[in-house]
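Examination of the molecular architecture
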There are 2 protein chains.
Amino acid sequence: MQKAAVGKNNEAIAAQLAPVGRETVQDRVYSELRRALIGGLFEPSQVLTIRGLADALVTSTMPVREALGRLITEKALEALPNRSVRVPPITLERLDDLLRARVLIEGEAIALAAARMGPRQIAGIETILAEWDEMRALKHKKDVDREVTLNQSFHFEIYRSCGSAVLIPMIESLWLQSGPCIRVAIYAFSEAGEVDTAQYHRRIVEALATQDAHAAREALAADISRPFTFLRNKLQSAAAKDQT
Amino acid sequence: MQKAAVGKNNEAIAAQLAPVGRETVQDRVYSELRRALIGGLFEPSQVLTIRGLADALVTSTMPVREALGRLITEKALEALPNRSVRVPPITLERLDDLLRARVLIEGEAIALAAARMGPRQIAGIETILAEWDEMRALKHKKDVDREVTLNQSFHFEIYRSCGSAVLIPMIESLWLQSGPCIRVAIYAFSEAGEVDTAQYHRRIVEALATQDAHAAREALAADISRPFTFLRNKLQSAAAKDQT
DNA sequence: GATTATGATTTGTGATCACACTTGCTTTGA
DNA sequence: TCAAAGCAAGTGTGATCACAAATCATAATC
């Protein structure tokens, strides 16, 4: 399978060596910005500058501007007519729009995954649930970052089983777009002594374990919808208050 | 609404003048490459070089490399481990994957559009149908380019009515990904004295005119599926021939 | 004669510079 | 006192250069 150029009897050596992997600076910048966006480290409507990010990431402007361009095409960022870029602001319409798309596409992905996940994969996501419980057990410090990360791992572990190289990047794009909004909701959840997210996740796992695609889709929709409807109400009441 | 900086009594002049619009070179390169991709001007598996494209488009490498980066994140192009980029090759799995995603997402878009399209919009897409008929009437020259363009206009005119700023970019990405494949199919159609695409389109228009979302979705699925299943059979028979 | 080594050419990546546009502040003039 | 002009700092865009890695053709070696 490997290139023949490694020589005749170098397979033995090659088996011992891990591929070194040449990640470009641009890739690192891109990943870092993605992480920040999904994690909600940037606020909606916040303006980003190339030189500012380059300084923060300790590189030159070149990798940053290319990474920004990529994020703009994914709609994770927005190019203003002034040619400055910002993270898209939250509006009611956009919230509903994102929710609908996520339920549609992630629902399809989990329905596909339900038919394809074996005990091996189920065990994998149960591990993540266990980690979640562990984290909640010692809840002195509300580690929102960790919550976000675990939630992400849980969902994408499932989506990866759907076997679609087309759907997964779309889902990533949707997470990128809803990341900055969701963070706001999760914060508010944490403060409001929320209903535990784990319940929703457990329901998803049950459906997957019994290969029930329909139930999985429903449970997932419920899980996704929660922060969205929460945020929706918050926005609406804020708008009502502005009116008065 | 306009900037106050235009002065006091310059509104009269401003009304006469069209905004000049400052498109960047990168934007033009990007659009041009998109057009080429959707139109199927590049073959699957074809390798593209930055300097080569820059020469062809008569610019420097800078706008090209950024445009390529954007297309790669949309999965319209593929970055090889060698760091060269190519248009993704066709495989059976990828074909099925793309078809499923397109039926899912474009189906949702047309279902939404069905409830929102008024007589005004219906008339718009009927105009496109008329252009199509006109083109077919004088069919001395099989103008595949024009077929592709009209087909695209027809579909996106509908999708634009769905009112979702999230779904439309995803659909564009899907067209970008399936463009190089579809072109192959359309060529083959033209040669094979095809069943007229217009029939399928007319069925879609009928469903939309009666606001029948379900029928519209079905008709659209049939329209989209045609070139895919055609290509699928072609690929399979080719694979079978290779076996022998 | 097949495989490996060597060198030239090509290609992507990142840094830097020049230029144009934007923005915010100061100054000017009525 | 206030709006318009002018100025300065900041910012995105595109061109160019330096460098490293890849590719390909040729030569050397077993």
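Attention here is on the structure that accompanies the text. Fair warning: this is a prediction, and the values are worked out from it, not measured in the lab.

Analysis parameters
Residues numbered from 1 in each chain as written. Chains lettered and ligands numbered in written order. Predicted model: local features only at pLDDT ≥ 70, side-chain atom pairs only at ≥ 80, totals over all residues. Heavy atoms only, no water. Core = buried A, V, L, I, M, F, W, Y, C linked by side-chain atoms within 4.5 Å. Buried < 20%, exposed > 50% of the residue type's maximum accessible area, 1.4 Å probe, protein only. Contact = heavy atoms within 4.5 Å. Helix = DSSP H or I, 4+ residues; strand = E, 2+ residues; numbered from the N terminus. Expected span 1.5 Å × (residues − 1). Near = heavy atom within 4 Å. Polar contact = N/O pair within 3.5 Å; in protein donor to acceptor, adjacent residues only side chain to side chain. Buried area = accessible area lost by both parts, 1.4 Å probe. Salt bridge = Lys/Arg side-chain N within 4 Å of Asp/Glu carboxyl O. Pairing = 2+ DSSP bridges. Nonpolar A, V, L, I, M, F, W, Y, C, P; charged D, E, K, R; others polar.

To continue, consider the nonpolar core. Membership of the largest hydrophobic core comes to 135 residues, with the highest contact counts inside it found for I158 and L208 of chain A together with I158 and L208 of chain B. Setting aside residues up to four positions removed in sequence, I158 of chain A forms contacts with I110, A113, M117, I125, I204 and L208 of chain A.

Once that is clear, we can look at helix α5 (residues 92-116) of chain B. Relative to the 36 Å expected for 25 residues at 1.5 Å per residue, α5 of chain B spans 36 Å between its end C-alpha atoms, a close match to the ideal helical length. Counting buried residues in α5 of chain B gives 18 out of 25 residues, a clear majority hidden from the surface.

This part is about the protein's contact with DNA strand C. Close to DNA strand C lie 18 residues, the nearest being V25 and S60 of chain A together with I50, R51 and R65 of chain B. Counting only the atoms of DNA strand C that lie within 4 Å of the protein, the sugar and phosphate share comes to 51%. Within the backbone of I50 of chain B, one N or O atom sits 3.1 Å away from a phosphate oxygen of DNA strand C. A distance of 2.6 Å separates a base nitrogen of DNA strand C from a polar side-chain atom of R65 of chain B. Put simply, the parts of the chain that give the surface near DNA strand C at least two residues each are α2 (25-38) and α4 (61-73) of chain A together with α3 (50-57) and α4 (61-73) of chain B.

Below, the discussion takes up the interface of chain B and chain A. In many analyses, interface size is given as the accessible surface area lost on bringing the parts together. Residue-level contacts link 32 residues of chain B with 32 residues of chain A. Buried area between chain B and chain A, summed over both chains or domains, comes out near 2,600 Å², and the portion from carbon and sulfur atoms is 61%. The largest share of the area that chain B buries against chain A comes from R83, L104 and V166 of chain B, three residues that together contribute 22% of it. The tally of links from chain B across to chain A stands at two salt bridges. Of the charged contacts in the structure, one is a salt bridge between E66 of chain A and R65 of chain B, with a shortest N-O distance of 3.1 Å. In this structure, the connection of chain B to chain A is made through nine residue pairs in polar contact (both at pLDDT 80 or more). Secondary-structure elements contributing two or more residues to the side of chain B that touches chain A are α4, α5 and α8 (167-191) of chain B.

Let's shift gears to the sheet that holds strand β3 (residues 85-86) of chain B. Residues and elements named next belong to chain B. Judged by pairing direction, the sheet is antiparallel, and its three strands sit side by side in the order β1-β3-β2 without closing on themselves. Two strands bound the open sheet, and with one partner strand each, they are β1 (47-48) and β2 (78-79). With two bridges connecting them, β2 and β3 associate as antiparallel partners. In the strand pairing of β3, A79 is matched with V85.

Here three strands make up an open sheet; going across it, the order is β1-β3-β2 (chain A) and the pairing antiparallel. In the strand order of this sheet, the two ends are held by β1 (47-48) and β2 (78-79) of chain A, each with one partner.

What follows is about unusual backbone geometry. One non-glycine residue, Q211 of chain A, adopts positive backbone phi at about 60°. Locating Q211 of chain A in the fold gives a position in the loop between α9 (197-209) and α10 (213-243). Of note in the backbone geometry, K75 of chain B takes a positive phi value of approximately 65° without being a glycine. Along the chain, K75 of chain B falls in the loop between α4 and β2. For K75 of chain B, a relative accessible area of 37% gives the class partly exposed.

Tallied over the entire structure, the rule returns 30 salt bridges over all chains. With its nearest N and O atoms 2.7 Å apart, the salt bridge here joins E106 of chain B to R102 of chain B. Taken together, the residues span about one helical turn, with E106 of chain B and R102 of chain B both in helix α5 at a distance of four residues. The class for E106 of chain B is buried, based on a relative accessible area of 0%. When the shortest N-O distance is used, the salt bridge between E131 of chain B and R146 of chain B registers 3.3 Å. Of this pair, E131 of chain B sits in helix α6 (residues 119-137) while R146 of chain B sits in helix α7 (residues 144-159), and the two are 15 residues apart along the sequence. In the salt-bridge network here, residues are joined through shared partners; they are R34, E74 and E172 of chain A.

The full set close to DNA strand D counts 17 residues, and R51 and R65 of chain A together with V25, S60 and M62 of chain B are the nearest of them. For DNA strand D, the backbone makes up 52% of the atoms found within 4 Å of the protein, where backbone means sugar plus phosphate. One of the backbone nitrogen or oxygen atoms of V25 of chain B is found 2.4 Å away from a phosphate oxygen of DNA strand D. At the level of secondary structure, the elements contributing two or more residues to the surface near DNA strand D comprise α3 (50-57) and α4 of chain A together with α2 (25-38) and α4 of chain B. Ranked by the residues each element gives to the surface near DNA strand D, the list is headed by α4 of chain B, at three residues. A class-by-class count of the residues in the surface near DNA strand D yields six nonpolar, six polar and five charged.

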